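So the chains spell out like this:
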Amino acid sequence: MILAGGEGERLSILSQVRAKPGVPFGGKYRIIDFALSNTVNSGLTDVAVLTQYAPRSLMDHIGLGRPWDLDRTHGGVTLLQPFIGRGRARDWYRGTADAVLQNLDYIVDRDPELVLVLAGDHVYKMDYRPFLAMHRSSQAEVTCAVRTVPLEEAHRFGILEVDAAGRVTDFIEKPPNPTSNLVSMGVYVFSWPVLREILSSERVDFGRDLLPWMVAAGRRVHAYEFKGYWQDVGTVESYWRTSLDLLSDDPGIDLNDLGWLIYTKSEERPPAMIGPTARIERSMVSHGCVIEGQVEHSILSPGVRVGAGATVRDSIVMFDSVIGADAVVDRSILDKECHVGAGAVVGEGDDLRPNRDEPERLYAGITLLGKRAHVPAHVHVGRNCRIDPGVGPAAFGRRRVVRSGETVSSAG
């Protein structure tokens, strides 16, 4: 059961038009590709994806599951959405455990031995087979995959205390002042009879309600420490940093590992075209790109065009965006089908004042352009700016400078 309905508010406008697991990552991939690929690479082929918030992009991406070899007569991938059932007033998942509860019939029909519950919005490679084997050998009722993170980031996760035998003795969801840096990865395996017994309309979330209740009740909750690479790309800064980490000499996750491929839906496009005036350094350039300018330490999705004399630096540029001649894009994230006019600058200056509308999300000097945003020619946009999806030249009026921390919306 892959939980893929998250709104991902901390990703700002990147998740405004799509669920967080559907956000592009690493050039041609989507975030959910990692959970799906881990599943099939682990030999598990009966997969349900639970969608909720803005699901169309995610559903179009997964389709029948062919890229992951999940278009099967028996098993395969099933997309599950919230629905109104007879005698049930609500039609919206109230939490992760409630999402599984509302789709209990799907599991009942299969009557499995074990149920693997996965977050669909993390970037990692994990073979689930040793995890399942440990669950069986320990005779646990539920086993949580855990790992250590820097203590200053631990408040974003569920925190666990574990005894010498690997049994969880305490579970606290997102404490403001964590005393431990051992966190839940949002990856659980339940013995099916236990899961069926404990799911309840009163315990709506795994991390906030159900797992702390199980620990307090003395149920057999065990931890499995995962030592591989894992990142929760839940904030603009972590998404940008994790993406550009792919460009290092020794990236935490190797997309070139032929023994553990990350599969995705990939459109047919021509090979990338590198023009005579182009210069590319330490970057990912996807198929269908046309590069005539400079690309430095950046990731370009399929179909991106970089005009002559333009520079893209420390940035992520998504599908079919166009960078005009002599334009500059620096430390920025451009969503799909953006247009930066000739001579424009996106991400300019040393003023790092946080965005006035989203100071808790845009504070690291990263400027965001929403899907299909259009920055007119010769306009200069500062740091921590937000140019909303669909914004056209009219929204800028006569402005030629968007100062750091400002937002440009369709309302002007």
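So, here is what we can say about the structure in this document. Note that this is a predicted model, so its numbers are computed, not measured. (Residues numbered from 1 in each chain as written. Predicted model: local features only at pLDDT ≥ 70, side-chain atom pairs only at ≥ 80, totals over all residues. Heavy atoms only, no water.)

**So, the overall build of the chain**
Broken down by element type, the chain carries 8 helices and 33 strands. Taken over the C-alpha trace, the chain has a radius of gyration of 22 Å; the compact-globule value for 412 residues is 22 Å, and the two agree within 12%. Along the first, second and third principal axes, the C-alpha set of the chain runs to 65 × 45 × 45 Å. Expressed as a percentage of its 412 residues, the buried residues of the chain come to 56%. (Helix = DSSP H or I, 4+ residues; strand = E, 2+ residues; numbered from the N terminus. Rg over C-alpha atoms; globule rule 2.2 N^0.38 Å. Buried < 20%, exposed > 50% of the residue type's maximum accessible area, 1.4 Å probe, protein only.)

**Remarks on the sheet that holds strand β23 (residues 322-323)**
Read across the open sheet, the 6 strands follow the order β14-β17-β20-β23-β26-β29; overall the sheet is parallel. In this open sheet, the two strands that pair with only one neighbour each are β14 (273-274) and β29 (374-375). (Pairing = 2+ DSSP bridges.)

**Brief notes about the environment of Trp260**
Residue placement: Trp260 occurs in the loop between α8 (236-245) and β14. Along the sequence, Trp260 and Asn38 sit 222 residues apart, while their C-alpha atoms lie 8.1 Å from each other. For Trp260, the residues in contact, after removing those within four places along its chain, are Asn38, Asn41, Ser42, Lys125, Met126, Asp127 and Arg129. Reaching out from Trp260, the side chain makes a polar contact with the side chain of Asn38 at a distance of 3.1 Å. (Contact = heavy atoms within 4.5 Å. Polar contact = N/O pair within 3.5 Å; in protein donor to acceptor, adjacent residues only side chain to side chain.)

**Some thoughts on the side chain of Arg219**
Its location among the elements puts Arg219 in the loop between α7 (206-216) and β12 (221-225). For Arg219, the side chain forms a polar contact with the side chain of Glu141, separated by 2.9 Å.

**Details of the pattern of salt bridges**
Overall, the coordinates contain 33 salt bridges when judged by the stated rule. Notably, a salt bridge pairs Glu141 with Arg219, separated by 2.9 Å at the nearest N-O pair. With Glu141 in the loop between α5 (128-138) and β8 (142-148) and Arg219 in the loop between α7 and β12, the pair connects residues that are 78 residues apart, well separated along the chain. Judged by its relative accessible area of 17%, Arg219 is buried. Between Glu267 and Arg269 there is a salt bridge whose closest N-O contact spans 3.0 Å. With relative accessibility at 47%, the residue Glu267 sits in the partly exposed group. Shared partners join several salt bridges into a network, and the residues in it are Glu9, Glu358, Glu360, Arg361, Arg386 and Asp388. (Salt bridge = Lys/Arg side-chain N within 4 Å of Asp/Glu carboxyl O.)

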